[in-house]
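Here is what each chain is made of, one letter per residue.
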Amino acid sequence: MPPTLYRDTGYSLSHLVEDIKNGRIGLPDIQRPFVWSAAKTRDLLDSMYRGYPIGTLMFWETGAEVGTRQIGMEAAARSPQLLIVDGQQRLTSLFAVLTGRPVLTKSFEERRIRIGFRPEDQTFEVTDAAIERDAHFIPDITVLWSNGYKTTVRQFFDRLGKTLDEEMPDAHKDELEERIDRVRDLRDFRFQVVELDDATDEEQVAEIFVRINSEGVKLNQSDFILTLMSVHWEAGRRQLENFSRAAVDPAVTGPSPRNPFLDPSPDQLLRVAVAVAFRRARLQHVYSILRGKDLESGRVSPERRQEQFGLLAAAQEKVLDLTSWHEFLKCVATAGFRSRKMITSDNALLFSYTLWLIGRHDFGLQAAALRPAIARWFFMAHTTGRYSSSPESQLESDLGRITSLPAGDGAAFLAELDRIIAANFTGDYWEISLPNRLDTSSSRSPVLFAYLAALNILDAEVLFGDLRIRDLLDPTGAAPRSLERDRLYHRKYLESLGISGTRQANAIANMAYVDWPPDVRNNADAPSDYLPRIAERVDPQALARQSRWHALPVGWEQLEYPVFLERRRQLIARVVQEGFNALTDGRKKYPPMTAADLIAAGESQTTEFKASGRWNVHTKQHDPKLGQVLVKAVCGFLNAEGGVLLIGVADDGEVLGIEEDFATFGSKQNADGYELFLRQLLDDNLSAPTASTVRIRFPVVDSKTICQLSVAASGNPVFAKSAKAGTGPSEFWVRVGNATKQLHGEDLIKYQEQHWG
């Protein structure tokens with residue numbers, strides 16, 4: 001029988017309150033924004049009053065000895081012996097009501113939780129002005145646990161008596177007083193508590209939490225690390241919270257982290273600090289490291305814990321430095337982004353900040369040198385969704401590449417960033433993947449914001465006007481008037497052509513920032529009708545310049561609508577590329593990535609290696625099952641951001657070649673035969689043709705021929721046939737981080753909505 005990790009016990013509410021006051025039980029949430037509503041607190045008290053079950057509390061022994069001093073704190077700051085894993089909101093609300101301590105709102109305003117009690121019908125209510133005036137209520141039950149309890153009861157009856165026409169009978173008065181006493185006696189309400197011993201690790205705690213929590217809430221690794229900081233380094237946790245508070249609290253004056261892009265939370269800032277301190281993106285092992293645990297022996301050492309917290313403290317100081325924070329945000333602005341409305345991935349911001357800090361402090365780069373490089377990186381990461389799926393895995397891979405660089409070599413750091421950028425922004429990406437990704441009506445698509453960012457970089461004007469796009473998107477309201485994106489082919493005109501539906505009418509390629517002349521616009525006009533009238537009023541050079549920025553094909557007003565959309569998507573992609581190239585700091589455009597460059601960069605979100613496509617290197621014979629592996633890989637790239645599949649390259653980057661694959665063919669043992677095999681394989685097993693989305697080449701690397709499949713992102717979902725015979729294309733695969741995963745059910749539906757709109 002396995003050892004028991006917990007023990008059942010119980011605490012009275014008054015005991016819990018005293019233990020929280022004296023620090024034996026850690027309740028950090030009393031100093032953090034309170035997420036429960038006052039109505040939930042009212043309902044909790046009502047359930048306790050009526051004797052209903054209110055759930056179990058779960059505590060976790062910290063292993064801290066009595067009197068242990070927190071790291072970096074004065075002697076009075078002692079580490080709690082128990083942490084609340086489940087029940088923080090319940091205890092925060094009850095502690096606040098019983099003691100009268102204020103809580104913080106989400107806007108970081110202090111307020112008390114005031115609950116009223118009406119003895120006549122035994123009801124609890126959230127106190128408002130009406131209840132305050134109502135003599136039938138004790139408007140604030142907190143006074144029932146104060147020294148003036150008896151005075152409060154007398155005052156209640158005196159006040160109530162003045163509203164009655166006749167004197168209250170003694171029996172009724174006794175009954176009401178008993179009910180008030182029942183509220184006061186809630187201090188003796190006994191909670192069932194599960195105490196986990198200090199030998200329980202964080203994964204076991206998380207699993208126990210999920211199994212006993214009726215709402216199925218999951219604990220994540222950042223929760224554990226923030227909890228650990230509450231035990232051993234509360235000052236560090238306060239620093240994170242104060243930074244987050246200063247970013248949103250209008251009462252904070254002077255220099256602050258406030259910015260137009262992100263309201264950072266403590267756990268987001270913690271992730272950056274952990275990545276800078278330990279080069280870890282996965283927080284799985286960081287909790288153990290900070291406990292002072294040796295990952296090999298499993299032993300916990302206070303000295304090791306002190307050392308690891310020292311590393312975290314040094315990194316956190318860099319993360320929270322306001323000069324660094326705002327210098328990094330200049331990179332985001334340089335990349336053409338103006339406000340949080342253009343940000344679809346907080347991770348892209350935070351992880352780009354991580355790289356900025358590493359480049360600044362570990363590679364000695366000045367802010368001026370970092371700004372264009374990190375601007376390019378953020379533009380790429382945000383546009384391609386680099387950190388949207390499996391963000392920890394992707395950042396771990398990026399940190400791994402940087403860690404292998406020579407210490408202090410700033411040029412190598414910048415070169416590695418540019419190498420990864422070039423591996424993602426390939427020629428196929430600009431020519432095929434990006435136009436396909438623009439085939440959506442989503443107003444929150446990352447590629448739409450890449451286009452708007454490019455227009456900002458190029459200092460573009462709105463169509464038919466002199467307003468600047470960058471002023472329209474400025475959160476400070478720099479533009480003299482506002483404009484919204486509008487349709488070039490009006491909805492009523494499209495309906496007259498038999499084209500209806502939001503996705504068609506609101507396609508990205510049909511939308512632009514347009515400054516319509518007031519007496520020209522008619523929502524039923526065809527472009528061929530309104531454009532000549534507008535052209536007469538606009539300077540020809542300005543119109544030509546704006547037509548290029550707004551990606552309008554030559555003679556666009558005469559084109560059929562589907563043709564117009566297709567051509568404009570291609571031109572939008574070129575404008576995005578032009579805007580990105582403007583960030584190259586006067587250098588030449590990125591040279592095309594060769595197969596050797598891709599191999600040197602390693603596997604990633606957009607690069608995958610396969611040792612062979614037909615010859616099983618283990619069984620030493622032709623293996624038809626390997627074809628299905630290729631189908632899944634291509635399907636995964638089609639449904640993500642595109643990528644490159646290299647056949648004839650081992651997982652570790654060793655070039656094997658495909659000569660043994662050639663030998664499995666009959667007559668055509670060459671590249672032509674191999675391409676024919678791949679084309680047939682993909683056409684037979686995928687739900688969409690790939691002639692326009694998959695390019696096949698046969699480069700030679702290290703004197704060996706390999707096969708390179710350059711896969712563009714698909715404009716629509718693509719499904720693959722199952723390995724089981726007789727079934728149609730029904731499996732949905734997507735490239736996530738360094739792996740290709742199959743999505744089902746709600747995950748599949750959610751991904752399709754987010755990716756294609």
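Scroll up for the structure.
To keep things clear, this report deals only with the structure shown in the data block. (Residues numbered from 1 in each chain as written. Predicted model: local features only at pLDDT ≥ 70, side-chain atom pairs only at ≥ 80, totals over all residues. Heavy atoms only, no water.)

Overview of the side chain of Thr 584
Link 1 in the chain: Relative to the helices and strands, Thr 584 resides in the loop between α25 (561-581) and α26 (595-601).
Link 2 in the chain: Accessibility expressed as a relative area gives 3% for Thr 584, which makes it buried.
Link 3 in the chain: One polar contact links the side chain of Thr 584 to the main-chain carbonyl oxygen of Asn 581, over a distance of 2.6 Å. (Helix = DSSP H or I, 4+ residues; strand = E, 2+ residues; numbered from the N terminus. Buried < 20%, exposed > 50% of the residue type's maximum accessible area, 1.4 Å probe, protein only. Polar contact = N/O pair within 3.5 Å; in protein donor to acceptor, adjacent residues only side chain to side chain.)

Focus on the nonpolar core
Link 1 in the chain: Counting 103 residues, the largest nonpolar core has Phe 337, Trp 356, Trp 377, Phe 379 and Phe 413 as the members making the most contacts within it.
Link 2 in the chain: When neighbours within four sequence positions are excluded, Phe 337 is seen to be in contact with Phe 261, Val 332, Met 342, Ile 343, Phe 378, Phe 379, His 382, Phe 449 and Ala 453.
Link 3 in the chain: Grouped together as the second largest cluster of nonpolar side chains are 45 residues, Leu 57, Ala 96, Leu 160 and Val 193 included. (Core = buried A, V, L, I, M, F, W, Y, C linked by side-chain atoms within 4.5 Å. Contact = heavy atoms within 4.5 Å.)

A short note on the pairing of strand β21 (residues 729-736)
Link 1 in the chain: Of all 8 residues in β21, 6 are buried, a share of seventy percent or more.
Link 2 in the chain: Taken together, the 2 bridges between strand β20 (residues 720-721) and β21 define a ladder with antiparallel strand orientation. Bridge pairing in β21 links Lys 721 to Pro 729.
Link 3 in the chain: As defined by bridge partners, β21 adjoins strand β22 (residues 739-743) across 5 bridges and the pair is classed as antiparallel. For Val 736, the partnering residue across the bridge sits in β22 and is Ala 739.
Link 4 in the chain: Counted along the chain from β21 to the antiparallel partner β22, the turn is 2 residues long, and its residue Gly 737 has a positive phi close to 65°. (Pairing = 2+ DSSP bridges.)

Let's talk about the sheet that holds strand β4 (residues 82-86)
Link 1 in the chain: Pairing is mixed across the open sheet formed by 5 strands, whose spatial order is β1-β9-β3-β4-β2. Every interior strand has two partners, whereas the edge strands, β1 (6-12) and β2 (25-26), have only one.
Link 2 in the chain: Examined bridge by bridge, strand β3 (residues 57-61) and strand β9 (residues 190-196) share 4 bridges and lie parallel to one another. In the sheet register, Trp 60 faces β9, and the bridge partner there is Leu 196.
Link 3 in the chain: Along the sheet, helix α1 (residues 13-21) contacts β1, β2, β3 and β9; its crossing angle with β1, the most-contacted strand, is approximately 100°. (Axes fitted to C-alpha atoms, helices over the stretch in contact; angles between N-to-C directions.)

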